[in-house]
Amino acid sequence: MSQTPSQIEVSPRIRRLPPYLFARINRLRDEKRRAGVDIIDLGMGNPQDAPSRTIVEKLCESARHLNTHGYSQSIGIPNLRREVAKLYDRRYGVSLDPEAEVIAVLGSKEGFSHMCLALLGPGDTAVVGDPYFPIHVYAVALAGGNVINVPLGAGPEFLERVAYVAEHLYPTPKVLILNFPHNPTAMTVDDVSFFEDAVALARRCGMMIIHDFAYGRTCFDGYEAPSFLQAEGAKDVGVEFLTMSKPYNMAGWRIGFCVGNAEMIRALATIKGYYDYGIFTPIQVASIIALRECAQDIDAQAGVYTRRRDVVVEGLRRAGWRVDAPRASMFVWARVCDEHLAGQGTIDFAMRMLEEAEVALAPGRAFGENGEGYVRIALVENEHRLRQAMRQLNRALNKGITAPSATKLKRKGGQGG
Ligand SMILES: Cc1ncc(COP(=O)(O)O)c(C=O)c1O
């Protein structure tokens, strides 16, 4: 017997979610593609380059063993957790107990979301810088917690704003969410002293810290992003998430890690134990090889993003925008000049660029109130396509020419995600 619509009542949790601000843009992008328009999609940070052959071959080899197809361990196989601990020792000089201080997650987005569920509930508050990566806000809302946004920064002024909130809010916020190199702004911290100050603040105010380190290995021009765990005492107050998605181009594989405070990791492990049976074992085995043998591929990929960044920054400057070259992440965060914004909000501006330049951009407003006036450009297309995108934007913005390509091309394969 089918239910009538009136019987369907979703949980208040769903209603707490803010509106999905990419929806209109994605709908228009999809319509245009169906009509055969070659939209250059710089909207989403879905890596389009291939992972190293070594990693793929290991995946296939492991998948050929018939004993690798059952449920895996929810917290990750021991050899993989040991490899993550070795990486932290080698790269950051941080010692981790692979049994208690490392857990594998189904991508850092899943891990982060379940960590929020493990730490936060109704009445609890998390502090998040604005602009923010949307899941940093949605996951808190899904856990039933409240978000306090403070204007984002990567220096003492940001921590002072957090301190002000922590000192004036009752009950004190429970969690501070950090993310450097940052998505969407590509903001970076200069060195580990920022995290040392954050740890001191967390201790003083009784907060936990979750640091999202998704772009920790996607750094340019000699910059090396510090790990939160390099700060003295970081493990006493918080954890760090890392991912295989960005540095190794393994976004679809769904694997990442959470490292740091043993109690927070135990709480995450408890939640995950109820929800999942772990990552497909061959993916974990291939990830061991990636962590152990493929450091040079990460550097090569960062080189690819550096060249793409240069194409975009130069193209935007040629169009008349003032934009800083980021030193990490896979995004350029650019303020739209007033003349080009022409009084529109960035969501309408991005819709206009889809129509007139056939380029998809992420509107800054989708990342919080402080993102208004900016767009985020993902470096997910090759240099040639990026150059073309910049030309099309320039033409649409500066000469009022619409529809850059009269020819309707078939779209490239693959879904910009
Ligand atoms: C800051 C940040 N954190 C987490 C993620 C999600 O990564 P994963 O693929 O590990 O879930 C992304 C993906 O874009 C990201 O930008």
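Heads up: the structure comes first, above all this text.
Predicted model only: the values in this text are computed from it and were never measured.

A. Just the site of the ligand, in detail. Around the ligand sit 13 residues, and of these Ser108, Asp212, Tyr215, Thr243 and Ser245 come closest. Serine 108 is positioned such that a nitrogen or oxygen atom in its backbone is 2.6 Å from an oxygen atom of the ligand. A distance of 2.5 Å separates a nitrogen atom of the ligand from a polar atom in the side chain of aspartate 212. For the ligand, the protein covers 91% of the area, taking 400 Å² as the surface of the free molecule. Its residues placed into classes, the shell around the ligand shows 3 nonpolar, 6 polar and 4 charged.

B. Summary view of the packing of helix α3 (residues 53–64) against helix α11 (residues 281–293). Axis separation between α3 and α11 bottoms out at 8 Å; the angle between their running directions is 150°. As α3 packs across α11, the resulting crossing turns out to be right-handed. Here Thr54, Ile55, Lys58, Leu59, Ser62 and Ala63 of α3 lie close against α11, whose contacting residues are Pro282, Ile283, Val285, Ala286, Ile289, Ala290 and Glu293.

C. Main features of the packing of helix α7 (residues 156–168) against helix α8 (residues 193–205). Running from N to C, α7 and α8 point in directions that differ by 5°, and their axes come no closer than 11 Å. Put simply, α7 runs roughly parallel to α8. Facing α7, whose interface residues are Phe158, Leu159, Val162, Ala163, Ala166 and Glu167, α8 presents Phe194, Asp197, Ala198, Leu201, Arg204 and Cys205. Residues belonging to the contact of α7 with α8 are distributed by class as follows: 9 nonpolar, no polar and 3 charged.

Rules behind the numbers
Residues numbered from 1 in each chain as written. Predicted model: local features only at pLDDT ≥ 70, side-chain atom pairs only at ≥ 80, totals over all residues. Heavy atoms only, no water. Near = heavy atom within 4 Å. Polar contact = N/O pair within 3.5 Å; in protein donor to acceptor, adjacent residues only side chain to side chain. Areas by Shrake-Rupley, 256 points an atom, 1.4 Å probe, with all protein chains shown as cover. Nonpolar A, V, L, I, M, F, W, Y, C, P; charged D, E, K, R; others polar. Axes fitted to C-alpha atoms, helices over the stretch in contact; angles between N-to-C directions. Helix = DSSP H or I, 4+ residues; strand = E, 2+ residues; numbered from the N terminus. Left-handed = near helix turned anticlockwise from the far one by under 90°. Contact = heavy atoms within 4.5 Å. Parallel < 35°, antiparallel > 145°, perpendicular 65-115°, else oblique.

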